[in-house]
Amino acid sequence: MKVNEGRLWGRLQCLGRIGADERGGVTRPGFGSAHAEALAQVATWAREAGLETGRDDTGNLIAVLPGRDPDAPLIALGSHLDSVPNGGRFDGALGVVAAVEVLQTLREHDVRPRRGLAALGFADEEGNTFGIGVMSAQLWIGEIPPDRYPTIVDGEGRSLEAYLRAFDVPGVPLVARPALAAYLELHVEQGPVLDDAGASAAAVEAIVGISRTTVTFNGQANHAGTTPMALRRDALWGGAELALAVRDLANASGERAVATVGVFEVTPGATNVIPGRTRLRIELRSPDEDRLATLRDEVEALVTTVARRNGLTAATEPWHHAPAVPMHPALLRATQDALVTAGLPERTMPSWAGHDAKVMARRLPVGMLFVPSKGGLSHTPDEDTDASHCAAGAQALLHAALRLADEATP
Ligand SMILES: [Zn+2]
């Protein structure tokens, strides 16, 4: 039983033209007209494939292939239909089109697993309308309750409640959200690892945890000419040493962590003044929660050492921590085995970016599959993935979904 590569590819190209912008990319923010058009188009494909198709009251597409047991919660496959401004044709779209392709292929082969399957197309993952990332998955699991809809507003003050009231997709009826047993997501990697390795697909082991900290070094601003080198308290020396030491920590992790100093402010920022203060924002990511905790401690220790060595005072303010989200062991096993069943080598890697699955994991067992992003490019019109890799990912998705749908409990 094989997914239809030509059909999958044709639909991806078609979806890529909905919200096509003048810079060659896709601009399809959640709840906008292009998003509604994309939802209508995918719903048409799903309906023509004989799936029970509708949308929930927060703009998510739902297409269902019923199972033999009408009372059993469904296995959901999906991703998001929105895009970043001037984004690519694959981010999110692939996971939705592949989900419909899997359900359609099963139906064409008269396969009726014990549990039903649902293809989901989330309305807003990128967060470009309201500034809330992965918003639709949070709406789905009830983490953002309806009484908050009036308080969530876009840049012009228009509320989510107003958007939802106006959101109309003719021909796609409102349906209740089905009860789910598990969530599987196929996505483009959005990084260079699979492309670099020449691999077609991988099972995701975990979505990385993220820790963000602001570090401030205070020294003494002073005359850049009259102050001898030995008598300076140059805050930039501390910041520079710390930035490179943080890089070395990540380099020593055996590719199990990345570290970025994305913000580096120097005060007062004048050519003839010794910097009196530097402020760095440090971001750490790792699929291993223990390692992330260790890295945070190591950065703290480094701050103390570097400050002492340079005669500075220092303050560390952690301001964000999102723990790593391991895939459910049964779903990880199912996605790994599905690669083999699809004729691919077994391959596992972390997801270094967040996805709908990260939020769904707070309520459900989740699993993910990746296919390569050419050149590691994403969130740009240059985003690209070979048709054969898209089909390989969809094929593995089919095998993983079928296994979970026939198992007693995921
Ligand atoms: Zn995405």
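Thresholds, definitions, all that
Residues numbered from 1 in each chain as written. Predicted model: local features only at pLDDT ≥ 70, side-chain atom pairs only at ≥ 80, totals over all residues. Helix = DSSP H or I, 4+ residues; strand = E, 2+ residues; numbered from the N terminus. Rg over C-alpha atoms; globule rule 2.2 N^0.38 Å. Buried ≥ 20, exposed ≤ 12 C-beta atoms within 10 Å, placed from the backbone. Contact = placed C-beta atoms within 7 Å. Domains from an automatic or database assignment. Core = buried A, V, L, I, M, F, W, Y, C linked by C-beta atoms within 7 Å. Expected span 1.5 Å × (residues − 1). Axes fitted to C-alpha atoms, helices over the stretch in contact; angles between N-to-C directions. Parallel < 35°, antiparallel > 145°, perpendicular 65-115°, else oblique. Left-handed = near helix turned anticlockwise from the far one by under 90°. Nonpolar A, V, L, I, M, F, W, Y, C, P; charged D, E, K, R; others polar. Pairing = 2+ DSSP bridges. Arc of directions from axis to C-beta.

### As for the overall build of the protein chain
Argument step 1. Along the protein chain, the regular secondary structure elements total 11 helices and 15 strands.
Argument step 2. A compact globule built from 410 residues would reach a C-alpha radius of gyration of about 22 Å, and the protein chain, at 24 Å, matches this within 12%.
Argument step 3. Seen along its three principal axes, the alpha-carbon backbone of the protein chain occupies a region of about 85 × 45 × 40 Å.
Argument step 4. The buried share of the protein chain, reckoned over its 410 residues, is 49%.
Argument step 5. By sequence separation, contacts in the protein chain at least 24 residues apart represent 78% of the contacts at least 6 residues apart.

### A look at the domain arrangement of the protein chain
Argument step 1. Domain assignment breaks the protein chain into domain 1 (5-207 + 325-406) and domain 2 (209-322).
Argument step 2. Spacing between the C-alpha centres of domain 1 and domain 2 amounts to 38 Å.

### Focus on the nonpolar core
Argument step 1. Of all hydrophobic cores here, the largest spans 118 residues; its most connected members are Val100, Val102, Leu103, Leu397 and Ala401.
Argument step 2. It is helix α11 (residues 387-406) that provides the largest number of residues to this core, a total of 12 residues.
Argument step 3. When residues are assigned to domains, this core turns out to be shared by domain 1 (5-207 + 325-406) and domain 2 (209-322), each giving three or more.
Argument step 4. The contacts of leucine 103, once residues within four sequence positions are left out, are Ala49, Leu51, Ala63, Leu65, Leu117 and Ala119.

### Topic: helix α9 (residues 329-341)
Argument step 1. With 13 residues, α9 extends 18 Å between its outermost C-alpha atoms, agreeing within 8% with the 18 Å of an ideal straight helix rising 1.5 Å per residue.
Argument step 2. Listed in full, the buried residues belonging to α9 are Leu331, Leu332, Ala334, Thr335, Gln336, Ala338 and Leu339.
Argument step 3. At its buried positions, α9 is contacted by β5 (180-188), β6 (202-207), β14 (348-351), β15 (366-371) and α11.
Argument step 4. Just past α9, the residue glycine 343 takes up positive phi, approximately 85°.

### Brief notes about the packing of helix α1 (residues 5-16) against helix α3 (residues 93-108)
Argument step 1. Two numbers describe how α1 lies on α3: the axes approach to 10 Å, and their chain directions differ by 140°. Taken as axis vectors, α1 and α3 run oblique relative to one another. As α1 runs across α3, the sense of the crossing is right-handed. On α3, the residues that touch Arg7, Leu8, Arg11, Leu12 and Leu15 of α1 are Ala93, Leu94, Val97, Ala98 and Glu101.
Argument step 2. Among the residues forming the contact of α1 with α3, the class breakdown is seven nonpolar, no polar and three charged.

### So, the pairing of strand β3 (residues 74-80)
Argument step 1. In terms of burial, β3 is largely enclosed, as seven of its seven residues are buried.
Argument step 2. Residues of β3 alternate between two faces, with Leu74, Ala76, Gly78 and His80 on one and Ile75, Leu77 and Ser79 on the opposite face, all of them buried.

### So, the sheet that holds strand β9 (residues 258-267)
What holds strands together in a sheet is hydrogen bonding between their backbones, with the strands either parallel or antiparallel.
Argument step 1. Strands sit in the order β9-β11-β7-β12 across an open sheet of four strands; the sheet is antiparallel. Edge positions in the open sheet fall to β9 and β12 (313-322), since each of these has one partner strand only. Geometrically, the sheet is characterised by an average inter-axis angle of 15° between neighbouring strands, direction not taken into account.
Argument step 2. Contacts between helix α7 (residues 235-251) and the sheet are confined to β7 (209-218), β9, β11 (277-286) and β12, with β9 contributing the most and set at about 175° to the helix.

### Things to note about unusual backbone geometry
Argument step 1. Note that the residue after threonine 267, namely proline 268, is joined by a cis bond; omega there is 5°.
Argument step 2. For proline 268, the position within the fold is in the loop between β9 and β10 (273-274).
Argument step 3. A positive phi angle is found at phenylalanine 31, which is not glycine, with a value near 75°.
Argument step 4. Secondary-structure assignment places phenylalanine 31 in the loop between α1 and α2 (33-48).
Argument step 5. Assessed through the 23 C-beta atoms surrounding it within 10 Å, phenylalanine 31 is described here as buried.
Argument step 6. One non-glycine residue with positive phi stands out, namely valine 134, at about 55°.
Argument step 7. Within the fold, valine 134 resides in the loop between β4 (117-122) and α4 (135-140).

### Some details on the environment of aspartate 110
Argument step 1. Here aspartate 110 shows up in the loop between α3 and β4.
Argument step 2. Judged by the 6 C-beta atoms lying within 10 Å of it, aspartate 110 is exposed.

### Topic: the environment of alanine 400
Argument step 1. Note that alanine 400 resides in helix α11.
Argument step 2. Between the C-alpha atom of alanine 400 and that of cysteine 390, which follows or precedes it by 10 residues, the distance is 15 Å.
Argument step 3. Residues within four places of alanine 400 in sequence aside, it is in contact with Leu184, Ala334, Thr335, Ala338 and Gly367.

### Section: helix α8 (residues 289-309)
Argument step 1. Between its terminal C-alpha atoms α8 stretches 30 Å, which fits the 30 Å expected from 21 residues at 1.5 Å a residue.
Argument step 2. Of all the residues in α8, the buried ones are Leu292, Leu295, Val299, Val303, Val306 and Ala307. Each buried residue of α8 sits inside an arc of 100° when the element is viewed along its axis, so together they form one side. Structural note: α8 exposes Asp290, Asp297, Ala301, Thr304, Arg308 and Arg309 on the side pointing more than 90 degrees away from its buried face.
Argument step 3. Close packing links the buried residues of α8 with β7, α7, β11 and β12.
Argument step 4. Looking at the residues trailing α8, positive phi occurs at glycine 311, about 70°.

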